[in-house]
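Topology and contacts: notes
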Amino acid sequence: MLENMLEELNIPYRVQRFKNVKCYKDESWDRVQKNIDTYIESGLPVILGLEGHVVQLIGHLGMENGEQKKYIVYDDSGHLEKISVFDISESCNRFLYTLSVKELRDYFAGCQNGRDSFFILTPEHERVYIDFERYQLFLAEYLYQYAVLDKKGSIVCQMFDEESNLSQEVALRNILVDNSILKSFLKEQKNDIQRDCIEELLKKDLPHFLWYTEIEVGDDIVCIFADPTMYYKTGDLEKVFFKCPPIALIDSCRLSLLTKGTGSS
């Protein structure tokens, strides 16, 4: 019913259903969380389907000082209170609750054990043809191609282990970003080393929205971005990534589309 309504309103969206593990053996919570975090970081709400009901994940809390991440949830139906694995005795505000990653992970584990009742729905920007999961495959392949040609010991080379897989020590943060916001951010990253590269990028006719990734390797953070309007079966990764090398972020500055709250009610 929700999908029919979105189609009638001509709102682009993407649905991912995570069903019984017997049918979908490759599903894992890590995959689910990466999808949720990417769209929330992009400033887009994530609609979560639970036992025939839907709630909205609209933000997160507790990512600093080792605190466990919690999602901010909007639910005006009261259904969350009926799910035993969720502790929602305290509400942020009327209809606003918090759910920890552990609570959602435990619920998801129950779904895999037989309850066919878990899906996420995300609004999608127009002309985003390369979805998040395919983008991750393109990103790993492009970075590896770049690492092969780069100097041994460089930041990009450090991203890969001895088996040519992305190292477990590498942290990725992915978002969909408006090109005007990205260009303003890149202007702040100019220095003597990458000034020419950034100025060349700023001259390009970029699509309205782009995939953007921050890659943290030790104390260093670099960013890279891609054109999501390319055909998803493209073989020209250099064109997808604008033939651009990773750009170092000055003083570990990060691009954020979220508003940081004060914690007051």
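Rules used in this analysis
Residues numbered from 1 in each chain as written. Predicted model: local features only at pLDDT ≥ 70, side-chain atom pairs only at ≥ 80, totals over all residues. Heavy atoms only, no water. Salt bridge = Lys/Arg side-chain N within 4 Å of Asp/Glu carboxyl O. Helix = DSSP H or I, 4+ residues; strand = E, 2+ residues; numbered from the N terminus. Buried < 20%, exposed > 50% of the residue type's maximum accessible area, 1.4 Å probe, protein only. Expected span 1.5 Å × (residues − 1). Phe/Tyr/Trp six-rings, centres within 6.5 Å; stacked < 30°, edge-to-face > 60°. Arc of directions from axis to C-beta. Contact = heavy atoms within 4.5 Å. Core = buried A, V, L, I, M, F, W, Y, C linked by side-chain atoms within 4.5 Å. pLDDT = per-residue confidence, 0-100. Polar contact = N/O pair within 3.5 Å; in protein donor to acceptor, adjacent residues only side chain to side chain. Pairing = 2+ DSSP bridges. Axes fitted to C-alpha atoms, helices over the stretch in contact; angles between N-to-C directions.

So, on to the pattern of salt bridges. Evaluation of the coordinates by the stated rule reveals nine salt bridges. In this structure, Lys-190 and Glu-199 form a salt bridge, with 3.5 Å as the shortest nitrogen-oxygen distance. Notably, a salt bridge pairs Glu-216 with Arg-254, separated by 2.7 Å at the nearest N-O pair. Here Glu-216 is found in strand 8 (residues 209-217), whereas its partner Arg-254 is found in the segment after strand 10 (247-248), with 38 residues between them in sequence. For Arg-254, a relative accessible area of 37% puts it in the partly exposed group.

Over its 13 residues, helix 2 (residues 29-41) runs 18 Å from end to end, which matches the ideal 18 Å to within 8%, given 1.5 Å per residue. With 10 of 13 residues buried, helix 2 is to be regarded as a mostly interior element. Within two residues after helix 2, Gly-43 carries a phi angle of roughly 80°, on the positive side.

This part covers the packing of aromatic side chains. Enumeration over the complete set of coordinates arrives at nine aromatic pairs. Where Tyr-74 meets Phe-95, the ring centres are 6.0 Å apart and the plane angle is 75°; that geometry is what we call edge-to-face. Of this pair, Tyr-74 sits in strand 4 (residues 70-74) while Phe-95 is found in the loop between strand 4 and strand 5 (96-100), placing the two residues 21 residues apart along the sequence. Residue class for Tyr-74 comes out partly exposed when judged on its relative accessible area of 30%. Ring pairing ties together the aromatic residues Phe-132, Tyr-135, Tyr-142, Trp-211 and Phe-241, which thus form one cluster.

Compared with an ideal rise of 1.5 Å per residue, which puts 18 residues at 26 Å, helix 4 (residues 132-149) spans 26 Å between its outermost C-alpha atoms and is within 8% of the ideal. The complete set of buried residues in helix 4 reads Phe-132, Tyr-135, Gln-136, Phe-138, Leu-139, Tyr-142, Leu-143 and Ala-147. Within helix 4, the buried residues cover an arc of 165° as seen down the axis, which keeps them to one side. In this structure, helix 4 carries Leu-137 and Val-148 as exposed residues pointing more than 90 degrees from its buried face. In this structure, the buried residues of helix 4 make contact with helix 2, strand 7 (171-178), strand 8, strand 9 (220-226) and helix 7 (237-240).

The next subject is the nonpolar core. If you look at the biggest cluster of nonpolar residues, it comprises 49 residues, and the most contacted ones within it are Ile-36, Leu-50, Phe-118, Met-159 and Phe-241. In terms of residues, this core owes the most to one element, helix 4, which gives seven residues. Ranked by size, the runner-up nonpolar core spans 19 residues in total, among them Leu-202, Leu-206, Ile-247 and Leu-249.

For the chain, the average pLDDT comes to 81, and 81% of its residues sit at 70 or higher. Confidence, expressed as mean pLDDT per element, reaches its minimum in the chain at helix 1 (residues 2-8) with 63 and its maximum at strand 8 with 95. Note on residues 20-26: pLDDT under 50 across the span, and six contacts to partners over four residues away in sequence or across chains.

With respect to the element layout, Thr-229 can be found in the loop between strand 9 and helix 7. The class of Thr-229 is buried, set by a relative accessible area of 18%. A distance of 2.6 Å separates the side chain of Thr-229 from the side chain of Asp-227, its partner in a polar contact. Apart from residues no more than four positions distant in its own chain, Thr-229 is found in contact with Arg-127, Tyr-129 and Pro-207.

A few words on the sheet that holds strand 7. Read across the open sheet, the four strands follow the order 7-8-9-10; overall the sheet is antiparallel. In this open sheet, the two strands that pair with only one neighbour each are strand 7 and strand 10. Note: strand 7 against strand 8, eight bridges, orientation antiparallel. The residue of strand 8 that forms the bridge with Ile-175 is Tyr-212. Helix 2 rests against strand 7 and strand 8 of the sheet, and its axis sits at about 40° to strand 7.

Burial analysis of strand 2 (residues 46-50) places five of its five residues in the buried class, the great majority of the element. Looking at chain direction, strand 2 and strand 3 (residues 53-61) are connected through five bridges and run antiparallel. In the strand pairing of strand 3, Leu-50 is matched with His-53. Here strand 2 hands over to strand 3 after two residues, with Glu-51 in that stretch at a positive phi of 50°. Alignment of strand 2 against strand 6 (residues 118-123), held across four bridges, turns out to be antiparallel. In the strand pairing of strand 6, Gly-49 is matched with Phe-119.

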